[in-house]
Amino acid sequence: MILYPHFDVNEKGHLTIGGADAVELAERFGTPAYIIDENVVRARCREYLTAAAESFGKDALPLYASKALCFTEMYRIAKEEGMGIDCVSSGELYTARRAEFPAERIYFHGNNKTDADIALAMDMGVGRIVVDNTDELDAVSAEALRRGITQGILLRITPGIDPHTHRAVVTGNVDSKFGSAIATGQALEIVQRAINASGVELVGLHCHIGSQIFDIEPFSDAADIMVRFIAEIKEKLGCEIRELNLGGGLGVAYTEDDAQISYADSIAKIGKIVRSFCSEHNITAPRVILEPGRSLVAAAGATLYTVGSVKEITGFRNYISVDGGMPDNPRYALYQSQYTALIANRASEARDYVATLAGRCCESGDLLGENMKIQRAKRGDILAVLVTGAYNYSMASNYNRIPRPPVILVKDGEARVAVKRESFEDIVRNDI
Ligand code: LLP
């Protein structure tokens, strides 16, 4: 096992992903390629569904934050597992519709929905629109009125939590492009406006405090602030908030240095905290919704590359260059995110070589990692970067006109294409 049970080494010394030989996958599908272990995704969905039902009751609905990894088959998997989904754009809505995802289980997010986005969401009949601001509230209300419907909405609220500190700094994240802040009084104003607006029904509140969070404290702080706010709404405006969406954000281990947390335990703790805050403030516990993205799909993924060159710069460092890079994984360039890499065709050898992993773009910052421990590499080796299931394919670009890799789903050792490799023809398709 390497990091997770679904990454292992077979008798040939090859990396296996969900029981499939990574070297054979590279031969069959080419490189670079994203490989996703479907069983891991399904198991994570079930963990969330079971834990949410136990903690929040039978009508609990975990939403898959589909920005983490989005393609038609992924929505079909979420649908089969009984998840709801969070969509943030018309593109995601359109893909969900293609997968015949049940519209009532779609929550439509985004801090700047266009009229066309709102219209598509209403054409599809999405369950909830998560309204970010007053301009948007007015636009949603007007469109619903025009159609003669009542649209269920949540309001996005900024609780003012800095998830990287243990205790809430109440003004921490008030300065955000998302939502309305409780601290400035604007949250209460938008609630009042939503109560008075026609064509919309204020069902609940939403907050999202951040991503890649390992501690429960920031969630507990957010729940505390949100429950107090729900109590204030009841007291001052006489309105009962029935849904509380606490967003996503639970962390994932990318390297051996990261903690691996139990999502079931975290959900149970959040459930307990919300219930106790509700009884403390004497309010009926709302339906609690969680919105995980990364923790459902990150660990399930790996990206396979072919090594093109190894360059040892005397007195400086060693570069291993691969046939992908920032176009398929911009996360090191953007956030210096750490990954685990290995040579898939010699996976049982010690990772005692230190190298910088470079991509193939004409840009020095096109790196997948620096000072990474890996096996000695040579041209033609298959190099795997693990835990790339979240925010890799979904953030991929065509920089340098490099076609995007395919997404291959592996299940019990069998592989199938979920998204085809882009061709050069795909790249020029919209060029006039
Ligand atoms: N709900 C909302 C409203 C969000 O904005 C997000 C993530 C999620 C749920 C899911 O959060 P998760 O469980 O995945 O942490 N591109 C960055 C991550 C951006 C996350 C944005 N919002 C990365 O590659 O790390």
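Below or above, wherever it landed, is the structure these notes cover. (Residues numbered from 1 in each chain as written. Predicted model: local features only at pLDDT ≥ 70, side-chain atom pairs only at ≥ 80, totals over all residues. Heavy atoms only, no water.)

## Considerations on the pairing of strand β4 (residues 33-37)
- Among the five residues in β4, five count as buried, and that is most of the element.
- Note that β4 and strand β14 (residues 301-312) share four bridges and pair antiparallel. Directly across from isoleucine 35, in β14, lies its bridge partner alanine 302.
- Inspection of the sheet shows β4 paired to strand β20 (residues 407-411) by four bridges, in the parallel sense. Residue tyrosine 34 lies in a different strand from β20, and its bridge partner there is valine 407. (Buried < 20%, exposed > 50% of the residue type's maximum accessible area, 1.4 Å probe, protein only. Helix = DSSP H or I, 4+ residues; strand = E, 2+ residues; numbered from the N terminus. Pairing = 2+ DSSP bridges.)

## Here we look at the pattern of salt bridges
- With the rule as written, the count across this model stands at 29 salt bridges.
- Linking glutamate 136 and lysine 113 is a salt bridge whose minimum nitrogen-to-oxygen distance equals 2.5 Å. Taken together, the residues glutamate 136 in helix α6 (residues 134-147) and lysine 113 in the loop between β7 (106-108) and α5 (115-124) connect sequence positions 23 residues apart. With respect to burial, glutamate 136 and lysine 113 carry one shared label: buried.
- A salt bridge links arginine 193 to aspartate 138, with the shortest nitrogen-to-oxygen separation between them at 2.7 Å. On the criterion of sequence distance, the pair formed by arginine 193 in helix α7 (residues 186-196) and aspartate 138 in helix α6 is long-range, its members being 55 residues apart. (Salt bridge = Lys/Arg side-chain N within 4 Å of Asp/Glu carboxyl O.)

## Some points on unusual backbone geometry
- Residue proline 32 follows threonine 31 across a cis peptide bond; omega there is -10°.
- Although it is not a glycine, leucine 3 sits at a positive phi angle of roughly 70°.
- Here leucine 3 falls in the buried class, since its relative accessible area comes to 8%.
- In this model, glutamine 212 sits at a positive phi of 60°, which is unusual for a non-glycine residue.
- In this fold, glutamine 212 is placed in the loop between β11 (200-206) and α8 (217-237).
- For glutamine 212, a relative accessible area of 23% puts it in the partly exposed group.

## Here's the deal with the nonpolar core
- Counting residues in hydrophobic clusters, the biggest one holds 137 residues, and the most contacted among them are Leu15, Ile153, Leu155, Leu205 and Leu383.
- Examining the composition of this core, we find that 10 residues originate from one element, α8, more than from any other.
- Other than its neighbours up to four places away in sequence, leucine 15 contacts Ile2, Phe7, Asp8, Ala20, Asp21, Ala22, Leu342, Ala344, Ala347, Ala384 and Leu386.
- One finds Leu63, Tyr107, Val130 and Val203 within the second-largest nonpolar core, a separate group that totals seven residues. (Core = buried A, V, L, I, M, F, W, Y, C linked by side-chain atoms within 4.5 Å. Contact = heavy atoms within 4.5 Å.)

## Concerning the packing of aromatic side chains
- Counted under the stated rule, the structure contains six aromatic pairs.
- Measuring from ring centre to ring centre gives 5.7 Å for tyrosine 34 and tyrosine 393, while their planes differ by 80°; the resulting arrangement is edge-to-face. Taken together, the residues tyrosine 34 in strand β4 and tyrosine 393 in the loop between β19 (382-386) and β20 connect sequence positions 359 residues apart.
- Looking at tyrosine 34, the relative accessible area reads 2%, which means it is buried.
- Their ring planes at 20° and their centres at 5.9 Å tell us that tyrosine 48 and tyrosine 263 sit as a pair that is stacked. You can see tyrosine 48 sitting in helix α2 (residues 38-56) and its partner tyrosine 263 sitting in helix α9 (residues 263-280), a full 215 residues away along the chain. By the burial criterion, tyrosine 48 is buried, and tyrosine 263 matches it.
- An aromatic cluster of at least three residues, connected via ring pairs, comprises Tyr34, Phe71 and Tyr393. (Phe/Tyr/Trp six-rings, centres within 6.5 Å; stacked < 30°, edge-to-face > 60°.)

## A few points about the packing of α8 against α9
- At a minimum axis separation of 10 Å, α8 and α9 run at an interaxial angle of 30°. In terms of orientation, α8 and α9 fall into the roughly parallel class. Relative to α9, α8 is oriented so that their crossing is right-handed. Packed against α8, whose contacting residues are Phe219, Ser220, Ala223, Asp224 and Val227, the element α9 presents Ile270, Ile273, Val274, Phe277 and Cys278 at the interface.
- Of the residues assigned to the contact of α8 with α9, the class counts are eight nonpolar, one polar and one charged. (Axes fitted to C-alpha atoms, helices over the stretch in contact; angles between N-to-C directions. Parallel < 35°, antiparallel > 145°, perpendicular 65-115°, else oblique. Left-handed = near helix turned anticlockwise from the far one by under 90°. Nonpolar A, V, L, I, M, F, W, Y, C, P; charged D, E, K, R; others polar.)

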